[in-house]
Amino acid sequence: MTDNIPLQPVRQKKRMDSKHRGGCCECLRCCGRRDPRPRSVWLGHPEKREQRYPRNVINNQKYNFFTFLPGVLFNQFKYFFNLYFLLLACSQFVVEMRLGALYTYWVPLGFVLAVTVIREAAEELRCYMRDKEVNSQIYSKLTARGTVKVKSSNIQVGDLIIVEKNQRVPADMIFLRTSEKNGSCFLRTDQLDGETDWKLRLPVTCTQRLPTASDLLQIRSYVYAEEPNIDIHNFVGTFTREDSDPPVNESLSIENTLWASTVIASGTVVGVVLYTGRELRSVMNTSNPRSKIGLFDLEVNCLTKILFGALVVVSLVMVALQHFAGRWYLQIIRFLLLFSNIIPISLRVNLDMGKIVYSWVIRRDSKIPGTVVRSSTIPEQLGRISYLLTDKTGTLTQNEMVFKRLHLGTVAYGLDSMDEVQSHIFSIYTQAQDPPAVKGLSLATKVRRSMSSRVHEAVKAIALCHNVTPVYESNGVTDQAEAERHYEDSCRVYQASSPDEVALVQWTESVGLTLVGRDQSSVQLRSPGGHILNFTILQIFPFTYESKRMGIIVRDESTGEITFYMKGADVVMAGIVQYNDWLEEECGNMAREGLRVLVVAKKSLTEEQYQDFEARYVQAKLSVHDRSLKVATVIESLEMEMELLCLTGVEDQLQTDVRPTLETLRNAGIKVWMLTGDKLETATCTAKNAHLVTRTQDIHIFRLVTNRGEAHLELNAFRRKHDCALVISGDSLEVCLKYYECEFMELACQCPAVVCCRCAPTQKAQIVRLLQERTGKLTCAVGDGGNDVSMIQEADCGVGVEGKEGKQASLAADFSITQFKHLGRLLMVHGRNSYKRSAALSQFVIHRSLCISTMQAVFSSVFYFASVPLYQGFLIIGYSTIYTMFPVFSLVLDKDVKSEVAMLYPELYKDLLKGRPLSYKTFLIWVLISIYQGSIIMYGALLLFESEFVHIVAISFTSLILTELLMVALTIQTWHWLMIVAELLSLSCYIASLVFLHEFIDVYFIATLSFLWKVTVITLVSCLPLYVLKYLRRRFSPPSYSKLTS
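Quantities reported herein were computed from a predicted structural model and do not represent experimental measurements. (Residues numbered from 1 in each chain as written. Predicted model: local features only at pLDDT ≥ 70, side-chain atom pairs only at ≥ 80, totals over all residues. Heavy atoms only, no water.)

Q: Whenever I open this one, the overall build of the protein confuses me. Can you help?
A: Tallying secondary structure elements over the protein gives 37 helices and 33 strands in all. Expressed along its principal axes, the backbone C-alpha trace of the protein runs to roughly 125 × 70 × 70 Å. Buried positions account for 56% of the 1046 residues belonging to the protein. Looking at the protein alone, contacts between residues at least 24 apart form 74% of all its contacts between residues at least 6 apart. (Helix = DSSP H or I, 4+ residues; strand = E, 2+ residues; numbered from the N terminus. Buried < 20%, exposed > 50% of the residue type's maximum accessible area, 1.4 Å probe, protein only. Contact = heavy atoms within 4.5 Å.)

Q: Please explain a positive patch on the surface as it appears in this structure.
A: Together, Lys910, Lys914, Arg916, Lys921, Lys1030, Arg1033 and Arg1034 line one region of the surface with positive charge. Of all the elements, helix H36 (residues 1009-1036) adds the most residues to the positive patch, at three residues. Note that Arg916 resides in the loop between helix H32 (907-912) and helix H33 (920-944). A residue is classified by how much of its surface remains accessible, and Arg916, at 52% relative accessible area, is exposed. (Patch = residues over 30% accessible without salt bridge, like charges linked within 9 Å, V, L, I, M, F, W, Y side chains within 5 Å. Areas by Shrake-Rupley, 256 points an atom, 1.4 Å probe, with all protein chains shown as cover. Salt bridge = Lys/Arg side-chain N within 4 Å of Asp/Glu carboxyl O. Lys, Arg positive; Asp, Glu negative; His and termini not counted. Charge placed at Lys NZ, Arg CZ, Asp CG, Glu CD.)

Q: Would you take a moment to explain the sheet that holds strand S25 (residues 596-605) for this structure?
A: Backbone hydrogen bonds hold the strands of a sheet together, and the pairing may be parallel or antiparallel. Across the sheet, which stays open at both edges, the nine strands sit in the order S17-S16-S26-S25-S24-S23-S22-S21-S20 with antiparallel pairing between neighbours. Strands with a single pairing partner mark the edges of an open sheet, and in this sheet they are strand S17 (412-413) and strand S20 (514-518). Across five bridges, the pairing between strand S21 (residues 522-526) and strand S22 (residues 532-541) is antiparallel. Within S22, the residue paired with Ser522 across the bridge is Thr536. Lying on the sheet, helix H13 (residues 451-464) is in contact with strand S16 (397-407), S17, S20, S21, S22, strand S23 (549-556), strand S24 (562-568), S25 and strand S26 (643-654); it crosses S26 at an angle near 60°. Strand contacts of helix H17 (residues 583-592): S16, S25 and S26, with the helix running at about 10° to S26, the strand carrying the most contacts. (Pairing = 2+ DSSP bridges. Axes fitted to C-alpha atoms, helices over the stretch in contact; angles between N-to-C directions.)

Q: Looking at this structure, I do not really get unusual backbone geometry. What am I missing?
A: Here the phi dihedral of His323 falls at roughly 65°; this positive angle occurs in a residue that is not glycine. Residue position: His323 is located in the loop between helix H8 (295-321) and helix H9 (328-338). Take His323: its relative accessible area is 67%, and that puts it in the exposed class. For His691, which is not glycine, the phi torsion reads 60° and is therefore positive. Positionally, His691 belongs in the loop between helix H21 (680-689) and strand S28 (698-701).

Q: Mind showing me how you'd approach the pairing of strand S9 (residues 237-241) here?
A: In regular strands, side chains alternate between the two faces of the sheet. Of all five residues in S9, four are buried, a share of seventy percent or more. Bridging between strand S8 (residues 221-225) and S9 involves five bridges; their strand directions are antiparallel. Its bridge partner lying in S9, Ala225 is registered against Gly237. The sheet contact formed by S9 and strand S10 (residues 248-252) spans five bridges and is antiparallel. Following the sheet pairing, Thr238 is matched in S10 by Ser251.

Q: Teacher, can you tell me more about the sheet that holds strand S4 (residues 160-163) here?
A: Strands sit in the order S3-S2-S4-S13-S5-S11 across an open sheet of six strands; the sheet is antiparallel. Unpaired on one side and paired on the other, strand S3 (146-151) and strand S11 (257-258) mark the two borders of the sheet. Sheet analysis places strand S5 (residues 172-178) next to strand S13 (residues 269-275), joined by six bridges and oriented antiparallel. Across the sheet, residue Met173 finds its bridge partner in S13, namely Val273.

Q: What should I look at first to understand the environment of Val554 in this one?
A: Mapping Val554 onto the fold places it in strand S23. We classify Val554 as buried; its relative accessible area is 2%. Separated by 436 residues in the primary sequence, Val554 and Ile118 place their C-alpha atoms 69 Å from one another. Discounting residues that sit within four places of it in the chain, Val554 has contacts with Leu464, Phe535, Thr536, Ile537, Leu538, Glu561, Ile562, Thr563 and Tyr565.

Q: Looking at this structure, how should I read helix H3 (residues 80-91)?
A: Residues lying three or four places apart along an α-helix face the same way, a consequence of the helix completing one turn every 3.6 residues. Between the first and last C-alpha of H3 there are 16 Å, a value that for twelve residues agrees with the 16 Å anticipated at 1.5 Å per step. Listed in full, the buried residues belonging to H3 are Phe81, Asn82, Tyr84, Phe85, Leu88, Ala89 and Ser91. Against helix H2 (68-77), helix H4 (103-135), H8, H9 and helix H10 (346-364) lie the buried residues of H3. (Expected span 1.5 Å × (residues − 1).)

Q: Help me understand the UniProt feature "binding site: Mg(2+)" (unreviewed entry) in the protein, please; the structure alone is not making it clear to me.
A: As annotated in UniProt, the feature "binding site: Mg(2+)" (unreviewed entry) corresponds to Asp391, Thr393, Asp784 and Asp788 in the numbering used here. Taken along the chain, the residues just named run across 398 residues; in space they keep tight, none of their C-alpha pairs more than 10.7 Å apart. On the secondary structure map, Asp391 appears in the loop between strand S15 (385-390) and S16. Overall, the relative accessible area of 1% leaves Asp391 in the buried class. (UniProt positions renumbered as here; feature names shortened; annotations may be inferred.)

Q: Even after reading the chapter, I still don't get the packing of helix H23 (residues 730-739) against helix H24 (residues 741-750), so can you show me in this structure?
A: When two helices pack together, you describe them by how their axes are tilted relative to each other and by the distance separating the axes. Packing of H23 against H24 leaves a shortest axis separation of 5 Å and a crossing angle of 120°. Considering their axes alone, H23 and H24 lie oblique with respect to each other. Residues Leu733, Cys736, Leu737 and Tyr739 of H23 lie in contact with H24, whose contacting residues are Glu741, Phe744 and Met745. (Parallel < 35°, antiparallel > 145°, perpendicular 65-115°, else oblique.)

Right, here's the structure in full:
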């Protein structure tokens, strides 16, 4: 086969998991602590610990009190740019090398470092305050003296902690007791693993049976637990009670755990703390925060190295032209210092202050309220994003399910026609005085049933086939017991492992058939007339990811009729239901609308059929060999020729304006990848619904692969697809990256969109890192949960969405937004402006320094290559500060197009991805402009001066200042009133300061007409050609943005 291209396996790399495990262990080892190992934890007796455990504190800071100053200084001086200026300033302590006053070198450097230290200190302080808030949350602890309040940071291994409903679990615990009557509790884990389904957790049987919670302290028991590790889906341990006869031993699994960062969704629970601090599963799944250095800063650093090379070359040329006479090596150093302005120290100050201005502008933007800039060092990154990696739950979606469609084959009911469904249900229960179920049965036996009966059967099936439990809570008026007795509507809350299930049951309630009660063996429904319909649960077959369906067998208490109801994904149900010609087509139509489709079917069983099934089912469950296979075979014997009742369509509500935002990002040349911990079907539905995958694109669902051979075949199959979105699960991704990392990433990067489902937090970070390594492009990660923190911190630019599920992601991110739709404006407007402004600012600051360096070079060469400064003392400092600083810095307010235009034409953003605003080409153009203007000003001054040297200084320096002010005006594209103020202020400062500069400039000479015309001519010759060239370029080769503004 020609398409079967052999894939070269890559050398296996160290997995992400081992990296984290290793990292954690190395950290413990180097700190003098032992490796983590299994532990025995005595209930309520933290003092009986066998080893030292870490404190239960959350810490997102980069430094501590002692490492702050050394850390900040190291991060500054590890870059060539800053190290160069430090060495330059230190050289001035050597008398032979000194060229002027010490303050001319140390004041600018000190100012740069002070700005950096203050900014870092402010960010560290904010981070400390946020961590303190989390660490100070109050919990209840069971002790021999009763219940005491304890801060989250003071919780220890072995403590018995009480966690209320809707409260965050503060540490990794074993579940001992619950207040729920059914002896279990639900857990929200989306902050840990990104899954929206609630998880059912079971307490230790021995401790749940105790009369009261305080009895936990009276028994002699301990938990033996495995060493801390990264796996959030598995746990191995045992519970032992020693003071009973015989001693009780219970095995513990993931079902008995309460991991930190999850939230209790039902009842009040008591747990014993197993792991704290850095040994928490959630912390081990999070990478350490790193100091992010923007690509723009690295490019500027690269340009300064080129300028340094130019500085060395110019100095060597000067000494060579002196024929290396005398102490030539000292002359080289003096020339290096003399031309040190080639690399401008003010560049760092201007760029850092520019970043502060950009951050302030972002915070002040009324169109994206609540946006917070937590890392002010990388706003330019926002202007060059090539890959956007987003979470699903809570980021793209609201995690709120809404029932949208009921389809019966011949008729479909949407949101606007639900009242018709309601009237059908009402008519069934009010047609006759017969018991409703009997009436329903008599109608069901007719060959051609009425529409009301069909609707009723479908609604009843939806109301019975689920795992939802109604729970009653006191509402201040009615207490819990009374509410439960009378099925009080206002006190009822539905609990389930999936929000889809709750949406279905809430819908049946809205159309008249209400789920009012449920326990292990029975279900109670209430009809529109208020009658309670009792059903006995005979068997329940829960949903699994393998079977993709769930079933329930119930007996109607009033008629004795036994019915097997089933619902599931269309791919599996199509082979189970009776033949029909509409199922496949309608499922496709509903899926294209982004709805989660479930197929609902039923089968009536006689008593004999059920008894036969039960006998075979019990026998299969007792078998020792191949139990799961035998059980599945028995169930499948029922799953044949079932009657198709209806299709249901549920939508996970998208965040506001997600679709237009994703379309904007696509048009801007940004590829969007969705990384979620949720199920494959759910992720695919959301991708379609959000138009992450467009209607015209095919979707390639990557088959589940477990070994190298399967991965090879599947990659070859994928290679044959073109312009196709990829959907892959975390397990398959792991296998592909293990054997064919290079090939997989190459194929995935060609896809218009990629969806990774069932992704672990560490996998999300791994994907980000691989994208950075393989493509060299900038990545942006967006998420709202604790499971997104690793990805956010790994990306070049991390954006956290403040959602209902807490602030963990937004606190760890570089930028925090309140809604996903704000991302469009953050990138298209603020990212684009920040990058273009910084590019213009950096090149202009370099131009300003190169101008004066060119003049110095011309001056030295004319005066026999003497290492004598042209301008001394205050002139040299004033030039880069009060005389030109304000106009040059005002470029941070410049913009080429209005923000509305930038949002309307995201294609403008695509131009920036090529890095043209700051490239070697633009840099070279500015270097040539600087050499031209510096030469014209210096040669002009030498040509036109008459007698005294001081006149050269006056003419050249004034021409230089005026040239810089005019060049700023030439560069500006949109004038702001502050820019005009800056220009006038700088000019006024220079004119006013001439009075005090009599030791450098002849005050009487500058008042003459001769001085004025000479300065005017020199300035015009240096600037006018550039104005003409700019006009011609705009006229005959306009940039894309100018076409939109004209």
